[in-house]
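# Observations on the three-dimensional arrangement
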Amino acid sequence: MFKVAVLPGDGIGPEVMAQAMKILKKIEKKYSVKFDCKFSDVGGIAIDNYGEPLPQHTLKLCEESDAILFGSVGGPKWENLPPEKQPERGALLPLRKHFNLFVNIRPVKVYPALKESCSLKDKFIQQGLDIVILRELTGGIYFGQPKYISEDRNYAVDTMKYTVEEIKRIAKVAFETARLRKKIVTSVDKANVLMTSVLWREIVTELWEKDYPDIKLNHMYVDNAAMQLVRNPSQFDVILTENMFGDILSDEAAMLTGSLGMLPSASLNERGFGLYEPIGGTAPDIAGQNIANPTAQILSAALMLRYSFKMDDAARDIENALENLIAKGARTSDIFYGDPGTYKVSTEEFGDELAELI
Ligand code: NAD
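Residues numbered from 1 in each chain as written. Predicted model: local features only at pLDDT ≥ 70, side-chain atom pairs only at ≥ 80, totals over all residues. Heavy atoms only, no water.

### Describing the layout of surface pockets
Reported here for the largest pocket is a volume of approximately 1100 Å³. Lining the largest pocket are 32 residues; nearest its centre among them are Ile 105, Val 132, Thr 177, Arg 306 and Tyr 307. Looking at the lining of the largest pocket, the elements with two or more residues in it are β4 (103-109), β5 (130-136), α5 (164-179), β11 (264-268), α9 (295-307) and α10 (312-328). A domain split of the lining of the largest pocket shows at least three residues from each of domain 1 (1-102 + 260-358) and domain 2 (119-257). Forming the walls of the second largest pocket are 30 residues, and the residues nearest its centre are Glu 88, Arg 89, Leu 93, Arg 96 and Tyr 142. Among the secondary structure elements, those contributing two or more residues to the lining of the second largest pocket are β3 (67-72), α4 (87-98), β6 (144-149), β7 (156-159), α8 (243-256) and β12 (274-278). Take the lining of the second largest pocket: its biggest share by element is six residues, from α4. Classifying every residue of the lining of the second largest pocket gives 15 nonpolar, five polar and 10 charged. Shared between two domains, the lining of the second largest pocket holds at least three residues of each, these being domain 1 (1-102 + 260-358) and domain 2 (119-257). (1 Å grid on protein atoms, 1.4 Å probe; cavity = no way out; pocket = protein on both sides within 12 Å on 5 of 7 lines; lining within 4 Å. Points joined across faces, edges and corners; volume = space filled by probe spheres on them. Helix = DSSP H or I, 4+ residues; strand = E, 2+ residues; numbered from the N terminus. Domains from an automatic or database assignment. Nonpolar A, V, L, I, M, F, W, Y, C, P; charged D, E, K, R; others polar.)

This is the structure we're talking about:
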């Protein structure tokens, strides 16, 4: 039995999480396994109910679980709170830090049947698109100290800091990941300007020379990487980068697939404990309408099966069923363009049809 802390959060979180639950139920039956899913509030809903975005009982549930399945948090209602009390700053960042989730894995894939929703012309993705972005998640400018606005509010300071150990451990994951794929790592930095990037480049190169000569390693400045992602995305296999660059590049890469609602992520620590969540946010503009795309949440559950529970077959089963459902023509409204052979489905219908296919 696997214990799962289920934190749907705000906005579309509960709607898409309900579909992931349907899929896990199917996997339970098919693979004779039991998921003990316990729900708890996080983010804005937790502020409303308990006065804080990450209540103690939610954190305790996560500590007692084998994995965390997370929706997303935040929304206009809580945007005027002090930053540390806001849903994302007050819940998601502390969770990442608390569990030392230093690696964020974001697969970016364009399904053949969904080529029409890719924001690039066909000729730019002729060789398909299948990238994994490995973003360092617990260091860099998001966490570096000092971090403050001066008393007279005349200036502000953020600190970007990386240690050798922090760089080494994420680089190792990138090389290991590439070994199981096309064996290409592109390490993205800004070594022409930032000292953290100079060190980053040095450490990544050292590790590569010592342990991973079979991998092709490229270094790329982040501005160039942003450009290359829309110019020739097929050149990438594994992209390795620090926290802030990864945040920006992974959203850019996500849009190549046509919708933020398509892409999952896994954030892991050294023990393989993970938090699994869609890369998008709470989509307040469409929340409560049963039209959100649950794919990212469902694929996040698949990543949980793969990385935390070592159920690769079941994860693949979900991914294949999803590919089949898309090939069959089912589209939520974010990826529906009225093309022949496609039909529009609600969030719930998408979940039901997918469960049927598993
Ligand atoms: P967003 O990702 O919520 O929405 C951006 C656009 O993508 C919207 O048009 C939305 O409708 C669409 N979209 C996102 N997910 C979708 C899905 N599953 N199906 C269909 N369409 C989808 O980003 P935003 O508008 O910048 O942020 C909204 C709120 O979410 C903010 O409060 C922000 O702080 C929060 N947020 C949370 C997380 C997180 O919890 N990890 C991440 C990003 C943003």
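From this point, the narrative continues.
### Details of the nonpolar core
Core analysis: the largest hydrophobic core is formed by 85 residues, its most contacted members being Ile 27, Phe 35, Leu 69, Phe 175 and Leu 305. Of the residues that make up this core, three or more belong to each of domain 1 (1-102 + 260-358) and domain 2 (119-257). Discounting chain neighbours no more than four positions away, the residues touching Phe 35 are Phe 2, Val 4, Leu 24, Ile 27, Glu 28, Leu 305, Phe 309 and Met 311. Listed in part, the 17 residues of the second largest apolar core include Phe 70, Leu 95, Phe 99 and Phe 273. (Core = buried A, V, L, I, M, F, W, Y, C linked by side-chain atoms within 4.5 Å. Buried < 20%, exposed > 50% of the residue type's maximum accessible area, 1.4 Å probe, protein only. Contact = heavy atoms within 4.5 Å.)

### Overview of the site of the ligand
Contacts to the ligand come from 21 residues, most closely from Val 73, Glu 88, Gly 281, Ala 283 and Asp 285. Gly 75 places a polar main-chain atom, nitrogen or oxygen, 2.9 Å from an oxygen atom of the ligand. Within the backbone of Gly 281, a nitrogen or oxygen atom sits 2.7 Å from an oxygen atom of the ligand. Starting from 810 Å² of accessible surface for the ligand in isolation, the protein chains cover 70%. Across the shell around the ligand, the residue classes tally to eight nonpolar, eight polar and five charged. (Near = heavy atom within 4 Å. Polar contact = N/O pair within 3.5 Å; in protein donor to acceptor, adjacent residues only side chain to side chain. Areas by Shrake-Rupley, 256 points an atom, 1.4 Å probe, with all protein chains shown as cover.)

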